[in-house]
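# Working through the structure, step by step
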Amino acid sequence: MCDNLRSMKPAVLVTKRIFPEAIAYLKEHSELDYEETDDGMSAPELARRIRGKQAVVSQLMDKFTPEVLATLEGVKSISNVAVGYDNIDVPAATRLGILVTHTPDVLTDTTADFAFALLMAAARRVVEGHHFVHSGQWTKWRVDLLVGQDVHHRTLGIFGMGRIGQAVARRARGFSMRVIYHDSRQAPAAVEQELGLELVNADQLLRESDFVSLHVPLMPETRHLIGARELHMMKPTAILVNTSRGPVVDEPALAQALEQRVIAGAGIDVFEHEPRVDPLLLMLENVVLTPHIASASVDTRRKMSMMAAENAVAAIEGRRPPNLLNPEVWDQRRA
């Protein structure tokens, strides 16, 4: 009897390793196929493993193109362990009646903390100082040893004033910074007043900012939002921070601008072709590079894993997932 009951549970595929609490929760509610590695799956392997499954818990490296989605017969939902979802063609999933979910809100403050950490590290040359000490080069104090840029009372320009952009602006208030921003939609008046925000056009933001921080989703209009033209508009003392998506920045153009000191520095957590990094960036000292870890606190990554699992279980149990990206699919099911 128990075996029969187990066999009646909906089946879920988890494509890569996630936090164990989420796996335990999924095992309570489903027959679980768990790829307990960090390697992920090729498209053919994904297509093979997903047969007979009703849901999949995915990560950013899992590419759900229209071609891949067309092979997902019987799949009711895709639960992404991320706030971003540019790895999933949501319109194509919607046409096929597949629910798509993500993990918003939980990583807002953690990502904002890290964006500001990159800003500070690049401005004050923290990584260069770390290597300077460890390599034994520090033999005496000098008045101009590794001098950097002040952060307090400077101008921070933010592209994208959503949840994370607002959280970064809130941190900037503690450093008495002027905060200007550019977005396709103006922030609510109450938010602008609370955070002392000024809405400006993109060119003005680039010209006036001492620091530029990117918090936009990856869309056709934001791909290479920052390229050679934009970098040459920035101050030679300016620093660029990217914790959004790699393709928002033209990576070779950034590497060249940093090498030629068109801008003073950068803090980069995301890359165009992850995990590959432009070779020139790896040779430069005036850039802080991290491996896509802006949301990587223990609490946040655990919560992200659980949220994705809860989204998947809701879908297979016929409940509306709490973090649904295409609610029209749900509405059609209920009609």
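Notes on the structure follow. Small disclaimer: the values here were computed from a predicted structure and weren't measured.

## A look at the packing of aromatic side chains
We describe a pair of aromatic rings using the distance from one ring centre to the other and the angle between the two ring planes. Tallied over the full model, the rule gives 1 aromatic pair. Judged by centre distance (5.0 Å) and plane angle (35°), the rings of Phe116 and Phe175 are tilted. With Phe116 in helix α6 (residues 108-123) and Phe175 in the loop between α8 (163-173) and β7 (178-182), this pair connects stretches of sequence that are 59 residues apart. Judged by relative accessible area, Phe175 falls into the partly exposed class, the value being 30%.

## A short note on the side chain of Gln166
Note on placement: Gln166 falls in helix α8. Gln166 sits in the buried class, given a relative accessible area of 18%. Discounting chain neighbours no more than four positions away, the residues touching Gln166 are Met161, Val191 and Leu195.

## A word on the pattern of salt bridges
Within the structure shown, the criterion is met by 21 salt bridges. Between Arg142 and Asp144 there is a salt bridge, with the nearest N and O atoms lying 3.6 Å from each other. Classification of Arg142 as partly exposed rests on a relative accessible area of 38%. For Asp144, a relative accessible area of 47% corresponds to the partly exposed category. A network of salt bridges, in which partner residues are shared, links Asp33, Glu35, Glu45, Arg48, Arg49 and Lys53.

## Let's talk about the side chain of Thr243
Summarising the element assignment, Thr243 is placed in the loop between β10 (239-242) and α12 (251-259). Given a relative accessible area of 9%, Thr243 falls into the buried group. Sequence-distant contacts of Thr243, that is, excluding residues within four places in its chain, are made with Thr111, Phe114, Ala115, Leu118, Leu214, His215, Asp269, Val270 and Ala294.

Rules behind the numbers
- Residues numbered from 1 in each chain as written.
- Predicted model: local features only at pLDDT ≥ 70, side-chain atom pairs only at ≥ 80, totals over all residues.
- Heavy atoms only, no water.
- Phe/Tyr/Trp six-rings, centres within 6.5 Å; stacked < 30°, edge-to-face > 60°.
- Helix = DSSP H or I, 4+ residues; strand = E, 2+ residues; numbered from the N terminus.
- Buried < 20%, exposed > 50% of the residue type's maximum accessible area, 1.4 Å probe, protein only.
- Contact = heavy atoms within 4.5 Å.
- Salt bridge = Lys/Arg side-chain N within 4 Å of Asp/Glu carboxyl O.

Read these as spatial facts, not as claims about activity.
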